[in-house]
Amino acid sequence: AENIRPNLAAETLRAILDGTPYPRELLGAAVQRVRAEREIDYPRAALIKACLVSMARHSPHNSDPEVSVALDESNPDRAYRMGRLFAVLEKLQEEAADSRRLNKTIRDTYFGAASTTPVTVFPRLLRLKNHHSSKLENPGRRNYFENLIGGIVDGLEDYPPLLALPEQGRFSIGYYHQRQSFFTPRDSTQGDDA
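If you're wondering where the values come from, they're calculated on a predicted model, not measured in any experiment. (Residues numbered from 1 in each chain as written. Predicted model: local features only at pLDDT ≥ 70, side-chain atom pairs only at ≥ 80, totals over all residues. Heavy atoms only, no water.)

Trainee: Mind laying out helix H7 (residues 139–153), listing which residues take part and the relevant values?
Mentor: The end-to-end C-alpha distance of H7, which contains 15 residues, comes to 21 Å, matching closely the 21 Å that a straight helix rising 1.5 Å per residue would cover. Burial in H7 covers these residues: Arg-141, Tyr-144, Phe-145, Leu-148, Ile-149 and Ile-152. One side of H7 carries all its buried residues, which in axial view fall inside an arc of 120°. Looking at the buried side of H7, the elements it contacts are helix H4 (78–96), helix H6 (122–135) and helix H8 (165–181). Of the residues flanking the start of H7, the one acting as N-cap is Asn-138, its side-chain oxygen 2.7 Å from the backbone nitrogen of Gly-140. (Helix = DSSP H or I, 4+ residues; strand = E, 2+ residues; numbered from the N terminus. Expected span 1.5 Å × (residues − 1). Buried < 20%, exposed > 50% of the residue type's maximum accessible area, 1.4 Å probe, protein only. Arc of directions from axis to C-beta. Contact = heavy atoms within 4.5 Å. Polar contact = N/O pair within 3.5 Å; in protein donor to acceptor, adjacent residues only side chain to side chain.)

This is the structure in structure tokens:
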């Protein structure tokens, strides 16, 4: 809070009362905190989502899909899909290192770059994926991750050199939604032993 410009709260309240778009600086501050701390929790995700929804509602020629409340596997937005992909790659790394102590995940090293300059990070992460996948002992889990990653990557044509601020917000939301989906009860399609 000490790093936030004093008038930002007043401008945000004015936007709420007047029904105008939230200040772009609010989205920038939230995305910057996520990148700096490499952590996105519910309040931050809600704030980013509110900013994105506000921007979309006040843009006359907006073609971006509405940001959903929970994981939207059909969302075609590339930034959202890249956020999901990053979460899946992190989860794969965590499971591959389950028998050893994992001090650092790809989030600690690559989150900031992946959410701003994806072309510099995702090719490396996808090569690491093969290494992590080979360490999974359960073939069902290996197939689950391969199918999940394939479904996400199938909707991506390329990795852009730079993501604009709203795309960085959608990246964070995609990451958050996908991570939260790992904590929902599993069903038989997630590769458990039969």
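Trainee: Outline the nonpolar core, listing residues and values.
Mentor: With 44 residues, the main nonpolar core has Ile-48, Leu-85, Phe-86, Phe-122, Leu-125 and Phe-171 as its most contacted residues. When contributions to this core are tallied by element, the ones reaching two or more residues are helix H2 (24–37), helix H3 (42–57), H4, helix H5 (106–116), H6, H7 and H8. It is H4 that contributes the most residues to this core, 10 residues altogether. (Core = buried A, V, L, I, M, F, W, Y, C linked by side-chain atoms within 4.5 Å.)

Trainee: Give a detailed account of the pattern of salt bridges, specifying residues and quantitative values.
Mentor: In total, this model carries 12 salt bridges according to the counting rule given. Linking Lys-91 and Glu-95 is a salt bridge whose minimum nitrogen-to-oxygen distance equals 3.8 Å. In this pair, Lys-91 and Glu-95 are both assigned in helix H4, four residues apart and thus about one turn of the helix distant. Residue classification places Lys-91 among the buried positions, given a relative accessible area of 16%. The salt bridge partner of Glu-94 is Arg-179, with a shortest N-O separation of 3.3 Å. Of this pair, Glu-94 sits in helix H4 while Arg-179 sits in helix H8, placing them 85 residues apart in sequence. Accessibility expressed as a relative area gives 23% for Glu-94, which makes it partly exposed. (Salt bridge = Lys/Arg side-chain N within 4 Å of Asp/Glu carboxyl O.)

Trainee: Please set out the packing of aromatic side chains residue by residue, giving values where relevant.
Mentor: Inspection of the entire model under this criterion finds eight aromatic pairs. On the basis of an interplanar angle of 70° and a centroid distance of 5.6 Å, the ring pair of Phe-111 and Phe-171 is categorised as edge-to-face. In this pair, Phe-111 is assigned in helix H5 and Phe-171 in helix H8, connecting sequence segments 60 residues apart. You can call Phe-111 buried: its relative accessible area is 2%. Seen in terms of ring centroids, Phe-111 and Tyr-175 are 5.3 Å apart; in terms of plane orientation they differ by 75°. Their pairing is edge-to-face. With Phe-111 in helix H5 and Tyr-175 in helix H8, the pair connects residues that are 64 residues apart, well separated along the chain. Comparing Phe-111 with Tyr-175 shows no difference in burial state: the two are buried. Three or more aromatic residues link up through ring pairs in this structure, and these residues are Phe-86, Phe-111, Phe-122, Tyr-159, Phe-171 and Tyr-175. Over the ring of Phe-182 we find Lys-91; its NZ or CZ atom is 5.8 Å from the centre of that ring. (Phe/Tyr/Trp six-rings, centres within 6.5 Å; stacked < 30°, edge-to-face > 60°. Lys NZ or Arg CZ within 6 Å of the ring centre and 35° of its normal.)

Trainee: Hey, could you go over H8 for me, with residue numbers and the actual values?
Mentor: With 17 residues, H8 should reach 24 Å at 1.5 Å per residue; the first-to-last C-alpha distance of 25 Å fits that figure. Within H8, 16 of the 17 residues are buried, which leaves the element mostly enclosed by the surrounding structure.

Trainee: Run through the layout of surface pockets, naming residues and quoting values.
Mentor: One number sums up the size of the second largest pocket: a volume of about 260 Å³. For the second largest pocket, the lining is made up of 13 residues, of which Tyr-42, Val-69, Ala-70, Tyr-176 and His-177 are closest to its centre. Breaking the lining of the second largest pocket down by element, the ones donating at least two residues are H3 and H8. The element contributing the most residues to the lining of the second largest pocket is H8, with five residues. The class makeup of the residues in the lining of the second largest pocket is eight nonpolar, four polar and one charged. (1 Å grid on protein atoms, 1.4 Å probe; cavity = no way out; pocket = protein on both sides within 12 Å on 5 of 7 lines; lining within 4 Å. Points joined across faces, edges and corners; volume = space filled by probe spheres on them. Nonpolar A, V, L, I, M, F, W, Y, C, P; charged D, E, K, R; others polar.)

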